[in-house]
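Survey of secondary and tertiary structure
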Amino acid sequence: MPRILIIDDERAIRHTLKEILEFENYTVDQAEDGPAGLDMLIQQKYDVVLCDIKMPKMDGLEVLTRAQAMGTDAAFIMVSAHGSIDTAVEATKKGAYDFLSKPPDLNRLLVTVRNALDRTKLVTETKTLKKKLSVAKGSEMVGASSALGAVRKAIEKVAPTDARVLITGPNGAGKEMVARQLHELSQRAQGPMVEVNCAAIPSELIESELFGHEKGSFTSAVKQRIGKFEQADGGTLFLDEIGDMSLSAQAKVLRALQESKITRVGGEKEISVNVRVLAATNKDLMQEIADKNFREDLYHRLSVILIQVPPLNDRREDIPDLIQKFLNDIAADYGNKPKKIDAVALQYLKGLDWRGNIRELRNVVERLVIMSDDTISEGDAKAFAGK
């Protein structure tokens, strides 16, 4: 059901608009001034905002500017009793969808809201399509080896379910690609996929990153923050390198998985979340459990399904196909014609030790594209592969 936010300092106007819109089966929230409206836009996704221009504390045009800086997709319809052509033009230049004078004509109001909803839906669908195209390009699993075939088969069986999946394998082997494919082939594909690299976030910040925090909950918490669990609501949360997560954060993740609820740092309110969790690690979690670095109960919660991604050295027959893909991708990125590689150079690269896996191979191919002539020779491969 479409959700609409009314921001207006006049209670009578807010209540009248709310009654009209709720009669049309819209979900309607109200804010009495600009700052309150911005707080609600942070906490909740809205399709349309009806915003008064003349308000104390913060006028409607400033609300519009700040909301756009926050990245909201909601269509803003500006409303004012002091309307003029100049005001309407200024609002439109700042990104407003339309402008209505007070008191708004009922038919004009409803038509404008319906059109604004269509616009918001189109923007959302366009973003989703662009994201899917981007993800599809980045998550394509290339190769026909039996080892990769086993991974594909597991993905096809597991993706349509809501089962949690633990993806294991060495760095650079393609664990993130597996996670993206699981999301794209799932019932949650229309929802967000939110990724968190647990190894890249300091232990003292990981809880705030995952669960969010309330304003003033710690020294640098100057405003409320929505965590990754809430951002992924209705979609998939991918916890990469989960073996590096602190024990205190593990305990909170376990509770979130058990109860489908989270609490922001510094907050007391429980927030329900509908999230499918995928996790990945390059560590031996059973050894981490033995070393008291990882919770066994969390391991069993995460590993309903285990998918092992093989190292590139175990699927060497896929290397020629991967190299060709990288040659095409790099040429597209640079705006050039794809370079060729002769068979001897291909065979040489196929026989190298790829401890860095697919990531290392991609880097080597890019280096060869930059340093070689139109056709990559064996001499180029030996000179620039860095082995």
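Small disclaimer: the values here were computed from a predicted structure and weren't measured. (Residues numbered from 1 in each chain as written. Predicted model: local features only at pLDDT ≥ 70, side-chain atom pairs only at ≥ 80, totals over all residues. Heavy atoms only, no water.)

**As for the sheet that holds strand β2 (residues 27-31)**
One open sheet holds the five strands; their spatial order is β2-β1-β3-β4-β5, and the pairing between them is parallel. Sheet topology places β2 and β5 (98-101) at the edges, where each strand pairs with a single neighbour. Averaged over all neighbouring strand pairs, the angle between strand axes comes to 20 degrees, with direction disregarded. In this sheet, β5 lies alongside strand β4 (residues 75-80) in parallel orientation, the contact comprising four bridges. (Pairing = 2+ DSSP bridges. Helix = DSSP H or I, 4+ residues; strand = E, 2+ residues; numbered from the N terminus. Axes fitted to C-alpha atoms, helices over the stretch in contact; angles between N-to-C directions.)

**Focus: the pattern of salt bridges**
If you walk through the whole model with that rule in mind, you get 28 salt bridges. For D162, the salt bridge is made with R188, and the minimal N-O distance between the two is 2.9 Å. Of the two residues, D162 sits in the loop between α6 (146-158) and β6 (165-168) while R188 sits in the loop between α7 (175-184) and β7 (193-197), which places them 26 residues apart along the sequence. Ionic contacts of the salt-bridge type, sharing partners, join the residues D8, E10, D52 and K102 into one network. (Salt bridge = Lys/Arg side-chain N within 4 Å of Asp/Glu carboxyl O.)

**Things to note about the pairing of strand β11 (residues 276-281)**
Buried residues dominate β11, accounting for six of its six residues. With burial as the criterion, each face of β11 is covered, one bearing R276, L278 and A280 and the other bearing V277, A279 and T281. Summarising the sheet, β6 and β11 pair through four bridges and their orientation is parallel. The residue of β11 that forms the bridge with T168 is T281. Where strand β8 (residues 236-240) lies against β11, four bridges are found, and the strand directions are parallel. Note on β11: the bridge partner recorded for F238 is L278. (Buried < 20%, exposed > 50% of the residue type's maximum accessible area, 1.4 Å probe, protein only.)

**Description of the sheet that holds β7**
As summarised here, the arrangement of the five strands in space is β7-β8-β11-β6-β12, forming an open sheet in which the pairing is parallel. With partners counted over all chains shown, the strands left at the sheet margins are β7 and β12 (305-308), one partner each. The average undirected angle you get between the axes of adjacent strands in this sheet is 20 degrees. Sheet contacts for α6: β6, β11 and β12; angle to β12, the most-contacted strand, approximately 155 degrees. This element, α7, spans β6, β7, β8, β11 and β12 of the sheet and lies at about 155 degrees to β6. (Contact = heavy atoms within 4.5 Å.)

**Things to note about the UniProt feature "domain: Sigma-54 factor interaction" (unreviewed entry) in the protein**
Following the UniProt record, the feature "domain: Sigma-54 factor interaction" (unreviewed entry) maps to residues 141-370 here. From the first C-alpha to the last, residues 141-370 spans 25 Å; its make-up is 42% helix and 13% strand. (UniProt positions renumbered as here; feature names shortened; annotations may be inferred.)

**Looking at unusual backbone geometry**
Cis geometry is adopted by the peptide bond preceding P103, which originates at K102 and carries an omega value of -15 degrees. Within the fold, P103 resides in the loop between β5 and α5 (106-139). With a phi angle near 55 degrees, E241 is a residue other than glycine that sits in the positive phi range. One can find E241 in the loop between β8 and α10 (247-259). Residue classification places E241 among the buried residues on the basis of a relative accessible area of 10%. Backbone geometry places N357, a non-glycine residue, at a positive phi of 60 degrees. Mapped onto the elements, N357 comes out in helix α15 (residues 357-371).

**Description of the pairing of β4**
In terms of burial, β4 is a largely internal element, six of the six residues being buried. Neither face of β4 is open: one carries A75, I77 and V79, the other F76, M78 and S80, and all of them are buried. Between the parallel elements strand β3 (residues 48-52) and β4, the chain passes through helix α3 (residues 60-69) in a crossover that is right-handed. (Right-handed = clockwise from strand over helix to strand, strands pointing away.)

**Remarks on the packing of helix α13 (residues 319-334) against α15**
Here α13 crosses α15 at 55 degrees, and the two axes come no closer than 9 Å. By the criterion of interaxial angle, the relationship of α13 to α15 is oblique. The two elements α13 and α15 cross, and the hand of that crossing is right-handed. In contact with I319, L322, I323, F326, L327, I330, D333 and Y334 of α13, α15 contributes I358, L361, R362, V365, E366, V369 and I370. Considered class by class, the residues forming the contact of α13 with α15 number 12 nonpolar, no polar and three charged. (Parallel < 35°, antiparallel > 145°, perpendicular 65-115°, else oblique. Left-handed = near helix turned anticlockwise from the far one by under 90°. Nonpolar A, V, L, I, M, F, W, Y, C, P; charged D, E, K, R; others polar.)

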